[in-house]
Amino acid sequence: MASDEDIVLYTRKVEKAEKEIVRLQQEVESLTNPSNLLKEGYASPELEQLRAENQKLQFQRAHLKRNIEAEKKRTRDCALDVRGIIEDVFSIAIYAAFPELPNPTILVTPSAKFADYQCNSAMSMAQQIGALTGKKTNPREVAQAIVNHLPETVFFEKVEIAGPGFINVFLKKDFVAKEISFLLTNGVKPPRIQKKKVVIDFSSPNIAKEMHVGHLRSTIIGESLSRLLEWVGHDVLRLNHLGDWGTQFGMLIAHLMDKFPNLLKERPQLEDLQAFYKESKARFDEDEEFKKRAYDCVVKLQAKDPFYYQAWKIIYDISMEVNNKLYERLEVSLNDRGESFYQERMVKLIQELGDMGELETDEGGRRVMSVPPFTVPLMMVKSDGGFTYDTSDIATIRNRLQEEQGDWLIYVVDSGQSLHLETVFAAADKLGWVEKGKHRIDHVNFGVVLGEDKKKFKSRSGDTVRLRELLDEGLKRVESKLVELGRDKELTKDEMEKIKRSVAYGCIKYADLSHNRTHDYVFSFEKMLDDRGNTAAYLLYALTRIRSIARSASISPADVSKAAKETKIDLSHPAEWKLAKCVLRFPEVITRVLDDLLLHSLCDYIYELTTTFTEFYDKCYCIEKDKKTGKITKVNMSRILLCEASASIIITAFHILGISPLDKM
């Protein structure tokens, strides 16, 4: 059931709101006599203000009472977002202290140096009050008013005002200890969310071209976001928007027919898709007769001629077999849905847009759609009657909003497509497909991968680096390092293979995700495989070390589970207290990432948790041994539980980031 602390907090909020309502009602009654009304018959400004304040508090009371009833009935199935709780508590105090202030900023941040958390709203509120009244307002006085209106809670040990108006918040150790016990007893739970249908578009390679380093970021970021959204409870549809339709397939089919005359009876061996594509493109650019044949193939393909459609399917199947091997290596899961899926939908879309009067014909004979305030219209139909990326993307967003009933659409696409996607989103809004308050649409943009020369990452020959070559190189580098350390002599062949894959692929993923995705980043195997600093190699090693502590004390998972229910978490040592508070911050980090979709915040947090654990482990003995015999003389079960709580959080974060944990390294 819901915790006693939750119910007590809500009950106290209601009691406070009810007292305030009684006071306001008394004041309203005293102001409603004729002498307090203006000549025109309008109520006095004071009365109108009190009525508004009273209405706000009545709403708050009803809302809080509903929450109490819900809390009493609800089985607790989520983690507490401590920062969110503190923001709620301060919101109540701020609205009670300054009901006349429109949209005050509620700013709460973790504050490891001076307190556990800090509310920094007073300074901006003082400026707002000054602008409203025309008088200079002291931020410390604002802070004091906020503190005076704080409801009693089971979360805070004390609250202090510091500096020009900072409000320092100190958590109760008993509250933190109980939350750690909840984590150990119930597992790592996500924060409470409003569940949505999410449609996420990522990876999206082109058929007949091998995936290269340019597809790395969309694939890794999209997979990690999908895992996060699924873990917190959203219904997620992962879509791979493949480039599998259009003019280029005419040239590919024409070239395929020449190279493999018997292609429908004997499947051709296309071992190098990239070379095949280059050959067909060269013929298309240089041979006019071939170009005409290619266009004829396009027409027949779009008409779904059985022969040409089967030829297209052969190219598609071979390409996806190659792509799926890469997805399997990276543990990426996708539903393939290329531009071909939308072909009939595009035909219907153009007909409807024409009937609505949304299409115009430009000087070049193209049919376009204007999307204010953007000056460049969307080209919906080419002069030759063919469709474009614009047509496909408008049909796609309509499908995701209307047919898939998506509440939240996410496009994991490079920053170079920002203007195009903004135009597509605005077009969907213009056409009435986007419902404000219900739909959320995000472009998760990202920068490019750079080589160590700070230029676009290329191979030594100057070509774009193929993704499979990149992954192979990672495996070779890890194997070389393991052999150098002599681990090949200590590990079995299967263990070596497992470690190679986990470290190589984990390091490639983490190097990407630990950088702010909106920036370019430099790809360096040397840096990402370093087991010092904020790298997957360091975090994987740290996790194996944490997990080995209970094993070395011969403490089984069953022992941990039993102790979690019976052992009180002791947080008297400063290092224990610091680690426990860090563990407790995981839900608020998840909440933040769900808001801004910036995964480097999660990476920063896991690195902070790991370094905090190292500090704890160096200062606090979990197991004590006899110096002569080496036998264990004492096990501090409370500290073992802190180790297990830390490991559980890291393992959960690894799942979200797509990193496979290891038992040994």
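Above: the structure in question.
Residues numbered from 1 in each chain as written. Predicted model: local features only at pLDDT ≥ 70, side-chain atom pairs only at ≥ 80, totals over all residues. Heavy atoms only, no water.

Asks: Before we move on, could you go through the packing of helix H21 (residues 586–596) against helix H22 (residues 600–619) and cite the residues and values that matter?
Replies: At a minimum axis distance of 9 Å, the contact between H21 and H22 shows a crossing angle of 160°. Relative to H22, the element H21 is oriented roughly antiparallel. Considering the relative orientation of H21 and H22, their crossing is right-handed. Of the residues in H22, those touching H21 at Phe586, Val589, Ile590, Arg592 and Val593 are Ser601, Leu602 and Tyr605. Residues belonging to the contact of H21 with H22 are distributed by class as follows: six nonpolar, one polar and one charged. (Axes fitted to C-alpha atoms, helices over the stretch in contact; angles between N-to-C directions. Helix = DSSP H or I, 4+ residues; strand = E, 2+ residues; numbered from the N terminus. Parallel < 35°, antiparallel > 145°, perpendicular 65-115°, else oblique. Left-handed = near helix turned anticlockwise from the far one by under 90°. Contact = heavy atoms within 4.5 Å. Nonpolar A, V, L, I, M, F, W, Y, C, P; charged D, E, K, R; others polar.)

Asks: How would you explain a negative patch on the surface if you had to name every residue and give the values?
Replies: Negative charge collects at one region of the surface, where Glu286, Asp287, Glu288 and Glu289 lie side by side. Looking at the secondary structure, you find Glu289 in helix H10 (residues 288–302). Among the residues examined, Glu289 registers a relative accessible area of 51% and is labelled exposed. (Patch = residues over 30% accessible without salt bridge, like charges linked within 9 Å, V, L, I, M, F, W, Y side chains within 5 Å. Areas by Shrake-Rupley, 256 points an atom, 1.4 Å probe, with all protein chains shown as cover. Salt bridge = Lys/Arg side-chain N within 4 Å of Asp/Glu carboxyl O. Lys, Arg positive; Asp, Glu negative; His and termini not counted. Charge placed at Lys NZ, Arg CZ, Asp CG, Glu CD. Buried < 20%, exposed > 50% of the residue type's maximum accessible area, 1.4 Å probe, protein only.)

Asks: Help me get a handle on the nonpolar core, residues and values and all.
Replies: It is characteristic of soluble globular proteins that their nonpolar side chains tend to be buried jointly. Ranked by internal contacts, the top residues of the largest apolar core, which has 139 residues, are Phe523, Phe586 and Leu602. The leading source of residues in this core is helix H23 (residues 637–657), at twelve residues. Apart from residues no more than four positions distant in its own chain, Phe523 is found in contact with Leu216, Val449, Leu450, Glu452, Phe457, Leu470, Ile508 and Met528. Listed in part, the 29 residues of the second largest apolar core include Met346, Val371, Val381 and Ile397. (Core = buried A, V, L, I, M, F, W, Y, C linked by side-chain atoms within 4.5 Å.)

Asks: Please give an account of the packing of aromatic side chains that cites residues and values.
Replies: Going through the model one piece at a time under the given rule, you end up with 16 aromatic pairs. Ring geometry for Trp231 versus Phe586: centroids 5.9 Å apart, planes at 55°, classification tilted. Of this pair, Trp231 sits in helix H7 (residues 216–232) while Phe586 is found in helix H21, placing the two residues 355 residues apart along the sequence. Each residue in the set Trp245, Tyr309, Trp312 and Tyr316 is aromatic and connected to the rest through ring pairs, giving one cluster. Lys291 extends its terminal NZ or CZ atom over the ring of Phe284, reaching a point 5.2 Å from the ring centre. (Phe/Tyr/Trp six-rings, centres within 6.5 Å; stacked < 30°, edge-to-face > 60°. Lys NZ or Arg CZ within 6 Å of the ring centre and 35° of its normal.)

Asks: Outline the environment of Leu529, supporting the account with residue identities and numerical values.
Replies: Structurally, the position occupied by Leu529 is in the loop between helix H17 (525–528) and helix H18 (536–552). Leu529 gets classed as buried once you look at its relative accessible area, which sits at 10%. For Leu529 and Gly506, which are 23 residues apart along the polypeptide, the C-alpha to C-alpha distance reads 9.6 Å.

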